[in-house]
Amino acid sequence: MKTWTRRALLATGSASIAGLSGALLQRKSFSSINQPARSRVSLQQTTTAVTPNGQSDRDILVFLFLRGGCDGLNLVAPVDDPHYIDARPPSLRLTERGEYAGMRLKNPPVDADFRLHASAPELKDLYDDGHLALIHACGLTHGTRSHFEAQELMEWGTADTQRMKQGWIARYLNANQPTGLLPVVAISDGIPTTLRGYADAVAMPALEEFVTPIDEPYEAILQSFYTGGDDPVRQAGALTLSTLSTVQQNLDVQAEVSRLRAKNASYPEEEGYELGRTLQSIAHLIRLDVGLQVVTVDYGDWDTHVEQPYLFTELVRGLSQALGAFYDDLSNYRDRLTVVVMSEFGRRLKANESHGTDHGFGNVAMVLGGNVNGGKIYGQWPGLANAQLDDGADLAITTDYRSILSEVVVNRLKYPQWQTVFPRFETYSPLGLFT
């Protein structure tokens, strides 16, 4: 039998808890364990008192970023607009009939035939049922066509090129200091800009990686390193072990619950598989009752310069199936759930020569939840005539993206000091997105 020294254990098992205890101890941003999950151990509860659910009456915000610049005019658009028809071939727009016919939406922003992409029937059902709101002609008012710059600005929560010390979600969190074992999670390899500047965010590529990679005989040895003292290092380590234990002890039971739920919540098996897997993990975390309040998620590959029809259809199908399954999966949590879907910018009105679309400005955003005034397209529609376009090329922006986010902060996160979250946003003008 291998002899495990304190040094060896700290170099293996403790590597898993170093990130989380470091955040609790030093209050610095970190990424969670990047080591592979070798076993799901059931650590004994430490002597540190922990309240698993913490602020369980608070809303849960899921911020889903469509990275790459989703073509909002191929997702939701007025199919009878002559300027829209002239600017694109049928394969790059929604039509009234035929192969590319969209699904007609009630309550459009103007008297026109607005439709949703045919690959999004789940989103259409959510819209018709009043749970999904669409906001068109919205976005970042600073005119940039750079993915990196636009994404950074939106994640900082600003409209100019000046860098900020904290992301917009981090500013909210620092002002409110949520409690619970895992209040803030980024499903990614690292902390995104939205959470930059908040010390206690946890980044994890997947839920199953949030485990201690040690074998069961050595649980007590690892635990003994962090018990029996009141110094900050021991307290942080003990709380970390307790956090991991709370999650892991519920995994087996919840896995069976999730399998049963998944029969009714049809997460995608092909297109959107990774997004579906991610959202299913988030649903799992929510049901574990570890105090989750904020989650950030990315869904990429929307930069459709070339051969857009096939790729865009697959992306939309995956987005629709994953969000629909996620919402079904959390039927008991809908009154606390708010999902915001945004992309850094839209695409140009006119198609390019490569059967795709290039970087534009105005776009469509989505807000989903049990308290959403859904079934309506919000925002002022500027029109698609040349004189109505931004610089004669792009859908003009009539709703600053911060109008949507500030309404979420005030109405769902119950924090009225929106200026703290968006310090350079001067006017709070709610659209009426929430009940």
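Rules used in this analysis
- Residues numbered from 1 in each chain as written.
- Predicted model: local features only at pLDDT ≥ 70, side-chain atom pairs only at ≥ 80, totals over all residues.
- Heavy atoms only, no water.
- Helix = DSSP H or I, 4+ residues; strand = E, 2+ residues; numbered from the N terminus.
- Salt bridge = Lys/Arg side-chain N within 4 Å of Asp/Glu carboxyl O.
- Buried < 20%, exposed > 50% of the residue type's maximum accessible area, 1.4 Å probe, protein only.
- Pairing = 2+ DSSP bridges.
- 1 Å grid on protein atoms, 1.4 Å probe; cavity = no way out; pocket = protein on both sides within 12 Å on 5 of 7 lines; lining within 4 Å.
- Points joined across faces, edges and corners; volume = space filled by probe spheres on them.
- Phe/Tyr/Trp six-rings, centres within 6.5 Å; stacked < 30°, edge-to-face > 60°.
- Lys NZ or Arg CZ within 6 Å of the ring centre and 35° of its normal.
- Contact = heavy atoms within 4.5 Å.
- Polar contact = N/O pair within 3.5 Å; in protein donor to acceptor, adjacent residues only side chain to side chain.

### Some thoughts on unusual backbone geometry
Both trends apply: most residues other than glycine have a negative phi, and most peptide bonds are in trans.
Argument step 1. Unusually for a residue other than glycine, Asp-289 sits at a positive phi of about 60°.
Argument step 2. Relative to the helices and strands, Asp-289 resides in the loop between helix H10 (273–288) and strand S8 (294–299).
Argument step 3. Its identity as a non-glycine residue notwithstanding, His-355 has a phi of 60°, on the positive side.
Argument step 4. Its place among the elements puts His-355 in the loop between strand S9 (337–343) and strand S10 (363–369).

### Examining the pattern of salt bridges
When the charged atoms of two side chains with opposite charge come close together, those side chains can pair.
Argument step 1. Overall, the coordinates contain 15 salt bridges when judged by the stated rule.
Argument step 2. In this structure, Asp-128 engages Lys-124 in a salt bridge whose closest nitrogen and oxygen atoms are separated by 2.7 Å. Highlighted residues: Asp-128 and Lys-124, both in helix H5 (residues 121–128), separated by four residues, approximately one helical turn.
Argument step 3. We classify Asp-128 as partly exposed; its relative accessible area is 30%.
Argument step 4. When its relative accessible area of 15% is taken as the criterion, Lys-124 is described as buried.
Argument step 5. Each of Arg-67, Glu-155 and Asp-298 takes part in one network of salt bridges that share partners.

### Here we look at the pairing of S9
Regular strands have side chains that alternate between both faces of the sheet.
Argument step 1. Counting buried positions along S9 yields seven of seven residues, so the element is predominantly enclosed.
Argument step 2. Of the two faces of S9, the one holding Leu-337, Val-339, Val-341 and Ser-343 and the one holding Thr-338, Val-340 and Met-342 are both buried throughout.
Argument step 3. Here strand S1 (residues 60–66) runs beside S9; their pairing, made up of seven bridges, is parallel. Directly across from Leu-66, in S9, lies its bridge partner Ser-343.
Argument step 4. Note: S9 against S10, four bridges, orientation antiparallel. Across the sheet, the residue bridging to Thr-338 is Gly-369, located in S10.

### With respect to empty space enclosed by the protein
Argument step 1. The final tally for this structure, using the stated rule, is three cavities of 30 Å³ or more.
Argument step 2. The space that makes up the largest cavity amounts to roughly 50 Å³.
Argument step 3. Taken together, 13 residues line the largest cavity, and the ones lying closest to its centre are Cys-138, Gly-139, Met-154, Ser-343 and Asn-363.
Argument step 4. For the lining of the largest cavity, the elements supplying multiple residues, two or more each, are strand S5 (132–139), S9 and S10.
Argument step 5. The leading source of residues in the lining of the largest cavity is S10, at three residues.

### A closer look at helix H6 (residues 147–156)
Argument step 1. Among the 10 residues in H6, eight count as buried, and that is most of the element.
Argument step 2. Residues His-147, Ala-150, Gln-151, Glu-152, Leu-153, Met-154, Glu-155 and Trp-156 constitute the buried set of H6.
Argument step 3. A positive backbone phi angle near 85° is found at Gly-157, which sits one or two residues after H6.

### Overview of the packing of aromatic side chains
Argument step 1. The final tally for this structure, using the stated rule, is nine aromatic pairs.
Argument step 2. The interplanar angle of 85° and the centroid separation of 5.7 Å between the aromatic rings of Phe-63 and Trp-168 together place this pair among those described as edge-to-face. Of the two residues, Phe-63 is situated in strand S1 and Trp-168 in helix H7 (residues 168–176); the sequence distance between them amounts to 105 residues. Both residues of the pair, Phe-63 and Trp-168, belong to the buried class.
Argument step 3. Through a chain of ring-to-ring contacts, the aromatic side chains of Phe-63, Phe-65, Trp-168 and Phe-422 assemble into a single cluster.
Argument step 4. Across the ring face of Phe-65, the terminal group of Arg-67 is positioned such that the distance to the ring centre comes to 4.5 Å.
Argument step 5. Sitting above the plane of the Phe-361 ring, Arg-145 keeps its charged end 4.5 Å from the centroid.

### A few points about the side chain of Asp-71
Argument step 1. When you line up the elements, Asp-71 lands in the loop between S1 and helix H3 (72–75).
Argument step 2. Sequence-distant contacts of Asp-71, defined by excluding residues within four places in its chain, comprise Arg-88, Gln-308, Phe-312, Arg-347, Thr-357 and Asn-363.

### Observations regarding the pairing of S1
Argument step 1. Within S1, seven of the seven residues are buried, which leaves it mostly tucked inside the rest of the structure.
Argument step 2. Residues Ile-60, Val-62, Leu-64 and Leu-66 line one face of S1 and the alternating positions Leu-61, Phe-63 and Phe-65 line the opposite face, and both faces are buried.
Argument step 3. Two elements, S1 and S8, share six bridges in a ladder whose sense is parallel. Residue pairing for S8: Leu-66 is matched across the bridge by Tyr-299.

### Quick notes on the side chain of Asn-363
Argument step 1. Positionally, Asn-363 belongs in strand S10.
Argument step 2. Looking at Asn-363, its side chain comes within polar contact range of the main-chain oxygen of Phe-345, at 3.0 Å.
Argument step 3. Dropping the residues within four chain positions of it, Asn-363 is found in contact with Cys-70, Asp-71, Gly-72, Ile-135, His-136, Ala-137, Cys-138, Ser-343, Phe-345, Gly-346 and Leu-395.

### Quick word on the sheet that holds strand S3 (residues 103–104)
Argument step 1. Here three strands make up an open sheet; going across it, the order is S2-S4-S3 and the pairing antiparallel. Unpaired on one side and paired on the other, strand S2 (76–78) and S3 mark the two borders of the sheet.

The values are spatial; any link to function lies outside them.
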